[in-house]
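Secondary and tertiary structure notes
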Amino acid sequence: MRYLVDKLREITTRLRNVGIRDAEREAEALLCLALNINKAALYCHDLIEISNEASSASKLDSMIARRLARQPFQYIAGETEFLGLSLAVGTGVLIPRPETELLVEIVTGIIKVKHKPTLNVLDLCTGSGCIALALAKQFPTSVVHAVDISEIAIRYAAANAATNNINNITFHTGSLYGPVQTHTFDVIVSNPPYIKTFDIALLEPEIRLYEPVEALDGGQDGLHFYKKIITGAAGRLSEGGIMAFELGDTLAAAVMEIASEAGYSKLTLKSDYSSTERFLIINE
Ligand code: GLN
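The structure contained in this document is the topic of the report that follows. (Residues numbered from 1 in each chain as written. Predicted model: local features only at pLDDT ≥ 70, side-chain atom pairs only at ≥ 80, totals over all residues. Heavy atoms only, no water.)

**Thoughts on helix H1 (residues 4–17)**
- Counted at 1.5 Å a residue, the expected span for H1 with its 14 residues is 20 Å, and the 20 Å between its end C-alpha atoms agrees.
- Three or more residues of H1 are buried, namely Leu-4, Lys-7, Leu-8, Ile-11, Thr-12 and Leu-15. For H1, the angular spread of buried residues about the axis comes to 135°, placing them on one side. Structural note: H1 exposes Arg-9 and Asn-17 on the side pointing more than 90 degrees away from its buried face.
- Positive phi appears at Gly-19, one or two residues downstream of H1, with a value of about 95°. (Helix = DSSP H or I, 4+ residues; strand = E, 2+ residues; numbered from the N terminus. Expected span 1.5 Å × (residues − 1). Buried < 20%, exposed > 50% of the residue type's maximum accessible area, 1.4 Å probe, protein only. Arc of directions from axis to C-beta.)

In structure tokens form, the structure reads like this:
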């Protein structure tokens, strides 16, 4: 007979032994997910016996095995939260990060002071669709286009729009501005792949073994997509339009330079939760 608290302790130790940092919190989350209970129940019902529930026990075992193999928790759960939206994620789509929530909040603040009724928004390298969805929901009268080279990502993003009842986004599979050549935009936003090719091998196993490399790899210098997006914006950005980017670690100065070389002078850097220069806003 196994009690939940014992099981919790056992899973915590196993996760810790493979190098998972926040092992106790993760063990709690896995137990809650597999047994479909909330965190309070985990501690209040410490006399619940789980061994009789064969399906829950095998579900739990398989989830633990996946996590021990360093699969990201969000892939095991099949979903994650982004600014209050529940988004499906899985193999082939980048898991949204908290920094990207901050990017959306920054862009939201800028759009609010613009007071333009029908705003045309472009999200390049949309992945799970997180940025496009959060902006489209926040600004229901806006017209949002979201592009990704990955068909899998676009399938996730479109499904995420549907499950969140968001209808003002058009999704395109293609390369950057390719599918939206005839449009102009008031806002071009992107969290492009920005890890230097060489640095990918140094990332946490959850990222380097499981997340799609094409969503991470920003080329030798990490700048590949910034160059293409910023230089390609001529003709795509409307009068008074803004661009907003999430930046890779240590890339701020180089991306600023790309922007000034492309003729943009109104450049604003903003920092993330750990005071790293993480966002560049052009024409704020
Ligand atoms: N933020 C992701 C990471 O730290 C990278 C995502 C990206 O390249 N845009 O792994």
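Read on for the rest.
**With respect to the site of the ligand**
- All residues adjacent to the ligand are Leu-94, Arg-97, Asn-191, Pro-192, Pro-193, Tyr-194, Ile-207, Ala-215 and Leu-216.
- Notes on the ligand: free accessible area 300 Å², of which the protein chains cover 90%.
- Class assignment for the residues of the shell around the ligand results in 7 nonpolar, 1 polar and 1 charged. (Near = heavy atom within 4 Å. Areas by Shrake-Rupley, 256 points an atom, 1.4 Å probe, with all protein chains shown as cover. Nonpolar A, V, L, I, M, F, W, Y, C, P; charged D, E, K, R; others polar.)

**Quick look at unusual backbone geometry**
- Its identity as a non-glycine residue notwithstanding, Leu-83 has a phi of 45°, on the positive side.
- Looking at the secondary structure, you find Leu-83 in the loop between strand E1 (79–82) and strand E2 (85–88).
- Not every positive phi belongs to a glycine, and Asn-165 is a case in point at roughly 55°.
- Residue placement: Asn-165 occurs in the loop between helix H8 (151–163) and strand E5 (169–173).

**Observations concerning the sheet that holds strand E6 (residues 185–190)**
- Spatially, E5-E4-E3-E6-E7-E9-E8 is the arrangement adopted by the 7 strands of the open sheet, whose pairing is mixed. At either end of the open sheet lies a strand with only one pairing partner, and these are E5 and strand E8 (267–271). Adjacent strand axes in the sheet meet at a mean angle of 15°, parallel and antiparallel pairs treated alike.
- Here 4 bridges tie strand E3 (residues 120–124) to E6, and the two strands are oriented parallel to one another. By the bridge assignment for E6, Val-121 is matched with Val-187.
- This element, helix H6 (residues 98–114), spans E6, strand E7 (237–246), E8 and strand E9 (277–282) of the sheet and lies at about 160° to E7.
- Here H8 sits on the sheet in contact with strand E4 (143–148) and E5, set at roughly 165° to E5. (Pairing = 2+ DSSP bridges. Axes fitted to C-alpha atoms, helices over the stretch in contact; angles between N-to-C directions. Contact = heavy atoms within 4.5 Å.)

**Re the packing of helix H10 (residues 224–231) against helix H11 (residues 252–261)**
- Taken N-terminus to C-terminus, the directions of H10 and H11 make an angle of 25°; their axes are 10 Å apart at the nearest point. Between H10 and H11, the interaxial angle falls into the category roughly parallel. The interaxial crossing formed by H10 with H11 has right-handed handedness. Contacts between H10 and H11 involve Tyr-226, Lys-227 and Ile-230 from the first element and Val-255, Ile-258 and Ala-259 from the second.
- Here the residues of the contact of H10 with H11 sort into 5 nonpolar, no polar and 1 charged. (Parallel < 35°, antiparallel > 145°, perpendicular 65-115°, else oblique. Left-handed = near helix turned anticlockwise from the far one by under 90°.)

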